[in-house]
Amino acid sequence: MDGRSDREAALVNNIGAVTIKTPGDSEIVVTRMFDAPRALVFEAWTKAEHVAHWWDPSGVPLAVCEIDLRPGGAFRWVNRAPDGGEGHSFAGIYREIDPPGKLVFTAPDSPDRGATLVFTEEGRKTKLTITMECATRQERDAMLQMRVDAGTAQTLENLAAYLPTIA
């Protein structure tokens, strides 16, 4: 066994083509292969006109999608609420941008929370590894309780379906 409790093991499920692991007390690692070149997958993550179409797990285009792609630049993605207005917001500050191989961002209010996305070319496919860093084990567990694993898996499925439309 990998040291996780039964409760943790039940929370972290591998959904479809997505692998989700908790290798440390404050990390969640999500991995998925895409049948697309690395540059295209990177572009889909870094251009607002693309992110707006696939980010929301429900498949509904975002109400707001703003990207200032530079170190220190911010992004803000806002889901569309059922009434058509603005719903849940996801925002961050870019810390490192290395096209088309790596993106690092942190939460706007906490530099010890964030994510590193690594885009690895494997033949004509791209392996995306997302490492989410939480401030504490409790924060990581709370994210898993909120089903960040299932939401991320669905978002990446949306991205996989979207990529052929921009290829």
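As shown above, the structure is provided for reference.
Residues numbered from 1 in each chain as written. Predicted model: local features only at pLDDT ≥ 70, side-chain atom pairs only at ≥ 80, totals over all residues. Heavy atoms only, no water.

Some details on the overall build of the chain
This is how the line gets drawn: Strands are runs of DSSP state E lasting at least 2 residues, helices are runs of H or I lasting at least 4, and numbering of each runs from the N terminus. A radius of gyration in this sense is built from C-alpha atoms; the matching globule rule multiplies 2.2 Å by the number of residues raised to 0.38. For every residue, the accessible area (1.4 Å probe, protein chains only) is compared with the maximum for its type, and the residue is labelled buried under 20%, exposed over 50%, or partly exposed between those bounds. Contacts were defined at the residue level, with two residues in contact if any of their heavy atoms lie within 4.5 Å. Values of accessible area rely on a 1.4 Å probe in the Shrake-Rupley scheme; residue burial ignores everything except the protein chains shown. Only four residue types enter the tally: Lys and Arg on the positive side, Asp and Glu on the negative side; His and the chain ends are excluded. Charge positions are represented by NZ for Lys, CZ for Arg, CG for Asp and CD for Glu.
Across its full length, the chain carries 5 helices and 8 strands. Beginning at the N terminus, the succession of helices and strands in the chain can be written as α-β-β-α-α-β-β-β-β-β-β-α-α. Computed over the C-alpha atoms, the radius of gyration of the chain is 16 Å, within 12% of the 15 Å expected from 2.2 N^0.38 for a compact globule of 167 residues. Expressed as lengths along the three principal axes of its C-alpha atoms, the size of the chain is roughly 40 × 40 × 30 Å. Here the chain holds 167 residues, and 42% of them are scored as buried. Of the contacts formed within the chain by residues at least 6 apart in sequence, a portion of 45% connects residues at least 24 apart. Split by element, the accessible area of the chain, about 8400 Å² in all, is 52% carbon and sulfur. In the chain, 18 positive and 24 negative side-chain charges are present, and the distance between their average locations comes to 3 Å.

Focus: unusual backbone geometry
Here P99 and P100 are connected by a cis peptide whose omega angle stands at -10°. Counting through the fold element by element, P100 comes out in the loop between β5 (86–98) and β6 (102–107).

Focus: the nonpolar core
Rules: Side-chain atoms within 4.5 Å link the members of a nonpolar core, which is a set of buried Ala, Val, Leu, Ile, Met, Phe, Trp, Tyr and Cys residues.
The biggest cluster of nonpolar side chains holds 38 residues, and the ones touching the most others in it are W45, W77, L117, I130, L156, L159 and L163. Discounting chain neighbours no more than four positions away, the residues touching W77 are W45, V51, W55, L62, V64, C65, E66, I67, H88, S89, F90 and Y94.

What about the environment of V118?
On the secondary structure map, V118 appears in strand β7 (residues 110–122). Under the relative-accessibility criterion, V118 is labelled partly exposed at 31%. The spacing of V118 and E157 is 39 residues in sequence and 17 Å in space, taken between C-alpha atoms. Not counting chain neighbours up to four residues away, the residues in contact with V118 comprise G101, K127, L128 and T129.

Some words on the sheet that holds strand β2 (residues 27–34)
As a reminder, the rule being used: Pairing between strands requires that DSSP locate at least two bridges from one strand to the other. Lines fitted to C-alpha atoms define the axes here, with helix axes fitted over just the stretch in contact, and angles between the N-to-C directions of these axes take values from 0 to 180 degrees.
Sheet architecture is open: 8 strands sit in the order β1-β2-β8-β7-β6-β5-β4-β3, paired in antiparallel fashion. The outermost strands of the open sheet, each flanked by one partner alone, are β1 (18–21) and β3 (64–67). Averaged over all pairs of adjacent strands, the angle between strand axes in this sheet comes to 20°, irrespective of strand direction. For β5 and β6, the ladder comprises 5 bridges, and the chain directions are antiparallel.

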